[in-house]
Each structure stands twice: as C-alpha cells, then as structure tokens.
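# Residue-level structural notes
Chain by chain, the residues run as shown.
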Amino acid sequence: AGNYKLSNTWLFTAYAPGVVHNVTLQGDGIQCTTLNFNTAPAGSDGVSFTGQGAQMAVKGFTIDGAKRNGLRIVTCNQWEVADLRIQNSVQSGFWTRDSWMGSIERVWCTTNLGDGFHFDGLHTSINMYRCYSSFNTEAGFLINGMTYSSLNACGSDENNQAYVLSNSRAVTFLGCGA
C-alpha cells in the first residue's frame, strides 16, 4: 500500500520473441496503492509491456498522471489486467496494439486526455468484463482491428464518444451501455 512516485515508465520488455514475461504486478487495491507518474518526462507511459511476451498480470492499484498512456501493452498474449483505476493520463488510460488472448476486468479509465480504452492494430480473443470509462476527452472505448472478442457489462459515460469501432468483426457487446 502507498503512493509511489515513479519518475519514468515502468517498462517490462521480452528481449526475444516468445520469451515469457511471467510477471505479476499486484497492489493492495485502487484505494490503497497508487503509482504516480506526475514527475515523469513528457511522452512517457506509466506501465508498459512490450516485445512479444506473454503471461503477465497487472492488478489492484491506481495509475495516475502518465505523460502518454497509463497502461500500454504491445504485441503480447495471455495477459490479465484487473481491478485498476487509470486516470489523468495525457493520452489514453489503457492502450494496446497487436495483442491477443487478453482479459480486462473491473478497470475504470477516467479523466484521461485521450480515450479511456484504446485498441489499435490487430486484437483477437480479448474479453472485457465490468469495465468503465468516464470523463475522458475522446472516446470511452476506441476499438480498431478487433476480432472474436467480447465486452460484457461495460459502461461509458461523459466521454466525447461512447464506443467507436472500426475494422472489427465478431465483437460481442452484452449488457453494455452509455
């Protein structure tokens, strides 16, 4: 528990294709643990996973004040994100590109200057459950290039746009609203 001030991106990189990250970042809950990036340099992400890694999890804390995206996942698979609040990022709260087999549960993206949740590139087998996006400057959920994935019981309020989909197919929305 606590408020941790980080002065740069907390970066996890797989150094060769197929190398497993096998990392779990676990806080004591969004009210108890905060990763504060307010003093990080311009253009830096908060927490970032890159490089064709797999099997990582991010759970149980708040990411605040990232100078680009709060949580960034690029070219990764078999990952889990749960019980997070991502707020006050200069761009998107949650941002991912070319990732698959991911689970996003009970994540709240709020007061970010870009999108709440931003999916770019190719995504397959993504499951979102009870995620909420509010008071973001752009879209609550911007989804580009997603296939056979689902959003269940998600909400989007007070964003410029609620849900924006492009180049996607077989994406199921069940009990989602705006």
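Here goes a summary of the coordinates provided. This is a predicted model, so every value here is computed, not measured. (Residues numbered from 1 in each chain as written. Predicted model: local features only at pLDDT ≥ 70, side-chain atom pairs only at ≥ 80, totals over all residues. Heavy atoms only, no water.)

The number of helices and strands found in the protein chain is 0 helices and 18 strands. Across the 178 residues that make up the protein chain, the buried fraction comes to 52%. Sequence separation of 24 or more characterises 49% of the internal contacts of the protein chain that already satisfy a separation of 6 or more. As displayed, the protein chain offers around 7700 Å² of accessible surface, 50% of which is attributable to carbon and sulfur atoms. Side chains of the protein chain give 10 positive and 12 negative charges; the mean places of these two sets differ by 4 Å. (Helix = DSSP H or I, 4+ residues; strand = E, 2+ residues; numbered from the N terminus. Buried < 20%, exposed > 50% of the residue type's maximum accessible area, 1.4 Å probe, protein only. Contact = heavy atoms within 4.5 Å. Areas by Shrake-Rupley, 256 points an atom, 1.4 Å probe, with all protein chains shown as cover. Lys, Arg positive; Asp, Glu negative; His and termini not counted. Charge placed at Lys NZ, Arg CZ, Asp CG, Glu CD.)

Read across the open sheet, the 7 strands follow the order E2-E5-E7-E9-E11-E14-E17; overall the sheet is parallel. Only two strands of the sheet have a single partner each, and these edge strands are strand E2 (10–13) and strand E17 (161–166). Along the sheet, successive strands turn relative to each other by an average axial angle of 10°, direction set aside. Where E2 lies against strand E5 (residues 47–50), 4 bridges are found, and the strand directions are parallel. From the neighbouring strand, Thr 13 faces E5, where its bridge partner is Thr 50. (Pairing = 2+ DSSP bridges. Axes fitted to C-alpha atoms, helices over the stretch in contact; angles between N-to-C directions.)

Another point: the side chain of Asp 45. With respect to the element layout, Asp 45 can be found in the loop between strand E4 (33–36) and E5. Overall, the relative accessible area of 4% leaves Asp 45 in the buried class. Polar side-chain contacts of Asp 45 include one of 2.7 Å to the side chain of Arg 68. With near-sequence residues (within four places) excluded, Asp 45 lies in contact with Thr 9, Phe 37, Ala 66, Arg 68, Asn 69 and Arg 72. (Polar contact = N/O pair within 3.5 Å; in protein donor to acceptor, adjacent residues only side chain to side chain.)

Function cannot be read off these values alone, since they describe shape.
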